[in-house]
Amino acid sequence: MAHVTDDVATLCVLDICQKVIALELSPEDAYSKLQDLRATTPLLSSMLLDVLVVIEGDATSGENKEKVLPNYKQAKYNLLREESEGYAKLITELMDAGSGLPPKTMMTRVLCLIGQFNLDPNRVIDICLECFECCASQKDFYIALLKEIKANKDYLCTLLGFKYTFYHAAGKETPFSLYVVTSSLIREEMIDLLKITGFVSEIISTSD
């Protein structure tokens, strides 16, 4: 079987992860595909190893599809199963945005961390915004990453609105970086101008 490069392997892993999340591929089949990919990749990336470790338990558990699918349809996440180590690793990865890592590759790592540490995807998006705010100079990277993640417009708007409300309720000055994040998302049409203005207007009206 012909060898494949690490870049091609990364794209293949991303495709497999997305199919599992979309319920288009079972963990058993995904594990089999990853094992085949591992055999054809001369320099196996640590990211692929992480995915193999995460999915191996599901693939070798012997559960049938009817028992596996409900685990991937949970609307809510069990906070007791989440590991703070996962969020620490996520923040470390995101804050290292200046290293030149492509957003698509970063999204693959984010997906791996979500699966490995049972992270809540909604909290992951919130952390992405927090890191964006801390590293506003890397806005192109974070904008591209949020687009790769396909973050919901309304949810992004709600998160930003909550941040404005928090600073107002705490009697703190809203940081300029939050305005940078908001304006960047508006310019990219990732949030609705009228909706975010509604949050800000409500804060102003309660201040009068």
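Structure's up top.
The text that follows walks through the structure, step by step, so that each part is easy to find. It should be emphasised that the depicted structure is a prediction, and the values quoted were computed from it without experimental measurement.

### A word on the pattern of salt bridges
Side-chain pairs of opposite charge can arise whenever the charged atoms involved come near each other.
No. 1: Under the counting rule described, the total for this entry stands at seven salt bridges.
No. 2: Glu 148 is the partner of Lys 104 in a salt bridge, and the nearest nitrogen-oxygen pair spans 3.5 Å. Note that Lys 104 is positioned in helix α6 (residues 103–117) and Glu 148 in helix α8 (residues 139–149), a separation of 44 residues in sequence.
No. 3: A salt bridge links Asp 126 to Lys 163, with the shortest nitrogen-to-oxygen separation between them at 3.3 Å. With Asp 126 in helix α7 (residues 121–134) and Lys 163 in helix α9 (residues 153–169), this pair connects stretches of sequence that are 37 residues apart.
No. 4: For Asp 126, a relative accessible area of 27% gives the class partly exposed.

### Some words on the packing of helix α5 (residues 84–95) against α6
No. 1: Where α5 meets α6, the axes come as close as 9 Å, and the angle between the chain directions of the two elements is 175°. Put simply, α5 runs roughly antiparallel to α6. Contacts between α5 and α6 pair Glu 85, Gly 86, Lys 89, Leu 90, Glu 93 and Leu 94 from the former with Met 106, Arg 109, Val 110, Leu 113 and Phe 117 from the latter.
No. 2: Counted by class, the contact of α5 with α6 contains six nonpolar, one polar and four charged residues.

### A look at the nonpolar core
No. 1: Ranked by internal contacts, the top residues of the largest apolar core, which has 46 residues, are Leu 90, Leu 94, Leu 129, Tyr 142, Leu 146, Leu 160 and Leu 185.
No. 2: Elements with a minimum of two residues in this core: α1 (6–21), α2 (27–40), α5, α6, α7, α8, α9 and α10 (176–187).
No. 3: With residues up to four places along the chain from it excluded, the contact list for Leu 90 reads Val 110, Leu 113, Val 124 and Ile 127.

### A look at the environment of Glu 133
No. 1: Mapping Glu 133 onto the fold places it in helix α7.
No. 2: Along the primary structure Glu 133 and Pro 175 are separated by 42 residues, whereas in three dimensions their C-alpha atoms are 9.1 Å apart.
No. 3: Beyond its immediate sequence surroundings of up to four residues, Glu 133 is in contact with Lys 163, Tyr 167, Pro 175, Ser 177, Leu 178 and Val 181.

### What about the packing of α6 against α8?
No. 1: Relative to each other, α6 and α8 sit at 55°, their axes nearing to 9 Å. Judged by the angle between their axes, α6 and α8 are oblique. As for the relative orientation of α6 and α8, their crossing is right-handed in sense. Taking contact as the criterion, the partners of Pro 103, Lys 104, Met 106 and Met 107 in α6 are, on α8, Phe 141, Ala 144, Leu 145, Glu 148 and Ile 149.

Here is what the cut-offs are and how they apply
Residues numbered from 1 in each chain as written. Predicted model: local features only at pLDDT ≥ 70, side-chain atom pairs only at ≥ 80, totals over all residues. Heavy atoms only, no water. Salt bridge = Lys/Arg side-chain N within 4 Å of Asp/Glu carboxyl O. Helix = DSSP H or I, 4+ residues; strand = E, 2+ residues; numbered from the N terminus. Buried < 20%, exposed > 50% of the residue type's maximum accessible area, 1.4 Å probe, protein only. Axes fitted to C-alpha atoms, helices over the stretch in contact; angles between N-to-C directions. Parallel < 35°, antiparallel > 145°, perpendicular 65-115°, else oblique. Contact = heavy atoms within 4.5 Å. Nonpolar A, V, L, I, M, F, W, Y, C, P; charged D, E, K, R; others polar. Core = buried A, V, L, I, M, F, W, Y, C linked by side-chain atoms within 4.5 Å. Left-handed = near helix turned anticlockwise from the far one by under 90°.

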